[in-house]
Amino acid sequence: MVRLRFPKLLSQALGHEIMSPANDMAVADPVISLRNISKSFGPRKVLDGVNLTLSGGQVHALLGQNGSGKSTLIKILSGVYQPDDAGQHGRMLLRGEPVDLPLDPNFAATAGIAAVHQDLPIINSASVLENLMIGRFETGRGWRIDWRRVRNDVARALGEFGIHATPEQLASDLPEADRAMLAILRGLKGLPSDRPGVLILDEPTAHLPRDGVDRVFAAIRKVASQGHAVVLVTHRLDEVFAVTDMVSVIRDGIIAHVAGTKSCTERELVKAILGFELDALYPERQTNAGEIVLNVENLYGKRVQDLSLVARRGEVVGVTGLIGAGQEEIPYLLYGARKVSSGSVAVCGQAFSQAELSPAKSIRAGMALLPADRRNASGVGTASVRENVSLPILARFLKNGILREKSERNHVRELLGRFEVRPLDPELPLSALSGGNQQKALLAKWFQMKPDVLLLHEPTHGVDVGSRRTIFRLIKDAADQGAAIVLFSTEYADLANLCDRVVIMRHGRKSAELSGASLSEQRIVALCMMDEQGSTLGQDEMSDASAPAPVLN
Ligand SMILES: Nc1ncnc2c1ncn2[C@@H]1O[C@H](COP(=O)(O)OP(=O)(O)OP(=O)(O)O)[C@@H](O)[C@H]1O
């Protein structure tokens, strides 16, 4: 496994130093100690006497399967949820002093506990400046706000954090990755300057390509080096080894494993998370490529330029790139969900010109899309899991215009079981599932249609290591049954291990295509990171990115 991903290479590319975990740094006293914290939702006890100590100067990974209670614990820590029996059993010490539970969210914020929750707390209709400063404006004489100073401060912070936006820009206009960065920046700005605080990041990198991830890591190390405690919730074990000092694993409602990161192996952590050893993560694949079912010709979008791409039955084709390279726009262009300026897309021989593309036509032609933004584009949080999952195939359960609810329920239950969705209760609102379980339910929704072309945008973001293995097997099975899978992902190891070919995007254009022996994680990284002059960072033998897309095999 790659520990700190190509630190020199990334440092050069990002223009700043990536710091390693600072185990040798003097660690301050505990900033927060939680003792005997429990939490139930109805009859379900999610946390059952959890103890957790967070020390200043340390980055503490909080790990666990989907639905194990990580978000619930940090919501208690930031005053969003009340623990059971608050004040009777559960206790919390903040900088050595006991504080009352349940925590008042305002108290948590002013006491220096800054949380960035999974469902990014960004107001899309507000400006970047407002998002960063709401509730934090300082007034001078005559209750005036020094707008010029605020604007300059915000512009500087955006620049330092690599967010390509002006303070006045609407948050809704920012790409997903920049909105994620903005949420993290707001969290950082909530930390006190005069005493150790706590920064809680719940899967902050789930929306980010690797170059964004490394910017976040640099910020995390900086915050810890200033004496704050940082909690990082993640499903990516490479991130745990790259940036954290301590690890706690929640399983079956308790902290099942606590250790210094340096003393852990990946295998031990996987076992602590799942409760059992995991065999190979990636399935063996034997590709049997058939006829072309997706044919994209000279496609232009807002960012994407002149993209041509084919996918055959039985193939898994990867598409990747850094932030802003254009790959994040492609699935929505192909599906007809975003405006195509010119070009054509053919699905199973049915060609659509730029004006004809639409999601309804794509579905009818045999194409399905799992979007990355599950909260806004993928599902309806207030509808039940059953309603969400059965929506595209509802007609199957209609008889003489009447819905056969029992069949529908049985079908959804069986499907959710196969996709390991927990709790296995089709009647729960989608929003009551943990983030990773929502993702699995929505994957089930699209896989069940057995489309000819399946576009998957970051399908494993937010899912635990056991479920990732399941999803990889489902991808393989779908390809074996004759679907063409196009995997839009920034998980380079997944792309290298699952795909037959990987297309690399740079500056909106296809810059290279890897296949066969040339397809490896390192080569994907090197091609993504290729500098402006066309030389790769550490991979001098690679071809020029500005030349027509080379096929390297
Ligand atoms: N508001 C709620 N109402 C009902 N159940 C809830 C609520 N919030 C969380 N749960 C349940 O509590 C359990 C723990 O959820 P939580 O979001 O804490 O898990 P998690 O470890 O963060 O998972 P993930 O890795 O998927 O984000 C899940 O089974 C979830 O369905």
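Model, not experiment: these values are computed from the prediction.

Rules used throughout
- Residues numbered from 1 in each chain as written.
- Predicted model: local features only at pLDDT ≥ 70, side-chain atom pairs only at ≥ 80, totals over all residues.
- Heavy atoms only, no water.
- Helix = DSSP H or I, 4+ residues; strand = E, 2+ residues; numbered from the N terminus.
- Buried < 20%, exposed > 50% of the residue type's maximum accessible area, 1.4 Å probe, protein only.
- Areas by Shrake-Rupley, 256 points an atom, 1.4 Å probe, with all protein chains shown as cover.
- Near = heavy atom within 4 Å.
- Polar contact = N/O pair within 3.5 Å; in protein donor to acceptor, adjacent residues only side chain to side chain.
- Axes fitted to C-alpha atoms, helices over the stretch in contact; angles between N-to-C directions.
- Parallel < 35°, antiparallel > 145°, perpendicular 65-115°, else oblique.
- Contact = heavy atoms within 4.5 Å.
- Nonpolar A, V, L, I, M, F, W, Y, C, P; charged D, E, K, R; others polar.
- pLDDT = per-residue confidence, 0-100.
- Pairing = 2+ DSSP bridges.
- Phe/Tyr/Trp six-rings, centres within 6.5 Å; stacked < 30°, edge-to-face > 60°.
- Lys NZ or Arg CZ within 6 Å of the ring centre and 35° of its normal.
- Salt bridge = Lys/Arg side-chain N within 4 Å of Asp/Glu carboxyl O.
- Core = buried A, V, L, I, M, F, W, Y, C linked by side-chain atoms within 4.5 Å.
- Domains from an automatic or database assignment.

Okay, the overall build of the chain next. A tally of regular secondary structure across the chain gives 18 helices and 23 strands. Burial status across the chain gives 55% buried among its 553 residues. Total accessible area on the chain stands at roughly 23600 Å², and carbon and sulfur atoms take up 48% of it.

Following Leu101, the chain continues into Pro102 via a peptide bond in cis, with omega recorded as -5 degrees. Mapped onto the elements of the fold, Pro102 is located in the loop between strand E5 (97-99) and helix H3 (105-110). Put simply, Arg422 and Pro423 share a cis peptide bond, and its omega is -5 degrees. One non-glycine residue with positive phi stands out, namely Glu420, at about 55 degrees. Note that Glu420 resides in the loop between helix H14 (405-418) and helix H15 (435-447). The backbone of His507 shows a phi angle near 50 degrees, a positive value even though the residue is not glycine. Mapped onto the elements of the fold, His507 is located in the loop between strand E21 (501-506) and strand E22 (509-515).

So, on to the site of the ligand. In the vicinity of the ligand there are 21 residues, among which Arg44, Ser71, Thr72, Ala432 and Ser434 approach most closely. Within the contact set of the ligand, an oxygen atom lies 2.8 Å away from a backbone nitrogen or oxygen of Gly67. Between Gly436 and the ligand, the recorded distance is 2.8 Å, taken from a backbone N or O atom to an oxygen atom. Relative to its unbound accessible surface of 640 Å², the ligand loses 84% to contact with the protein.

What follows deals with helix H2 (residues 70-77). Here H2 lies mainly inside the structure; seven of its eight residues are buried. Among the residues of H2, those classed as buried are Lys70, Thr72, Leu73, Ile74, Lys75, Ile76 and Leu77. Backbone geometry just after H2 places Gly79 at a positive phi near 80 degrees.

A separate point is the packing of helix H6 (residues 176-189) against helix H7 (residues 210-225). Between H6 and H7, the shortest axis-to-axis distance is 11 Å and the interhelical angle comes to 5 degrees. The angle between the axes of H6 and H7 places the two elements in the roughly parallel class. Each of Met181, Ile184 and Leu188 in H6 lies in contact with H7, whose residues at this interface are Gly212, Arg215, Val216, Ala219 and Val223. A class-by-class count of the residues in the contact of H6 with H7 yields six nonpolar, one polar and one charged.

Attention shifts here to the confidence of the model for the chain. The predicted model of the chain averages 85 in pLDDT, with 88% of residues at 70 or higher. Of the regions scoring below 50 in pLDDT, residues 1-26 engages in 58 contacts with residues more than four places distant in sequence or in other chains. For residues 535-553, every residue scores under 50 in pLDDT, and the model assigns this stretch 42 contacts once sequence neighbours within four places are set aside.

Time to look at the sheet that holds strand E6 (residues 113-116). Strand order in the open sheet formed by six strands is E6-E7-E8-E3-E9-E10, and the pairing between neighbours is mixed. Edge positions in the sheet fall to E6 and strand E10 (254-260), since each of these pairs with one other strand and no more. Adjacent strand axes in the sheet meet at a mean angle of 15 degrees when their direction is disregarded. Across the sheet, H6 lies against E6 and strand E7 (198-202), angled at about 175 degrees from E6, the strand it touches most.

It is worth spelling out the packing of aromatic side chains at this point. Under the definition given, this model contains three aromatic pairs. Between Phe41 and Tyr81, the ring centres sit 5.5 Å apart and the planes meet at 75 degrees, which makes this aromatic pair edge-to-face. Here Phe41 is found in strand E1 (residues 30-41), whereas its partner Tyr81 is found in the loop between H2 and strand E4 (91-94), with 40 residues between them in sequence. Judged by its relative accessible area of 26%, Tyr81 is partly exposed. Over the ring of Tyr81 we find Lys39; its NZ or CZ atom is 5.4 Å from the centre of that ring.

The final tally for this structure, using the stated rule, is 24 salt bridges. For Arg251, the salt bridge goes to Asp252, with nearest N and O atoms at 4.0 Å. Residues Asp480 and Lys476 are paired through a salt bridge, measuring 2.6 Å at the closest nitrogen-oxygen approach. Of this pair, Asp480 and Lys476 both sit in helix H16 (residues 465-480), four residues apart, which is roughly one turn of that helix. Take Asp480: its relative accessible area is 44%, and that puts it in the partly exposed class. Residue classification places Lys476 among the buried residues on the basis of a relative accessible area of 19%. What emerges from the salt-bridge pattern is a single network uniting Arg386, Glu405, Glu408, Arg409 and Glu427.

Attention shifts here to the nonpolar core. Among the nonpolar cores identified, the biggest contains 80 residues, and Leu294, Leu334, Phe447, Leu455, Leu456, Ile485 and Ile524 are the most heavily contacted of them. In terms of domain composition, this core takes at least three residues from each of domain 3 (282-366 + 451-553) and domain 4 (379-449). Judged by nonpolar contacts, the second largest core, of 40 residues, contains Val59, Leu174, Leu191 and Phe217.

Let us look at the sheet that holds E5. Strands sit in the order E2-E1-E4-E5 across an open sheet of four strands; the sheet is antiparallel. Either end of the sheet is taken by a strand with one partner, and the two such strands are strand E2 (44-55) and E5. Ignoring which end each strand starts from, the neighbouring axes of this sheet average 25 degrees apart. Across four bridges, E1 lies against E4 in antiparallel orientation. Bridged to Leu34 within E4 is Met92.

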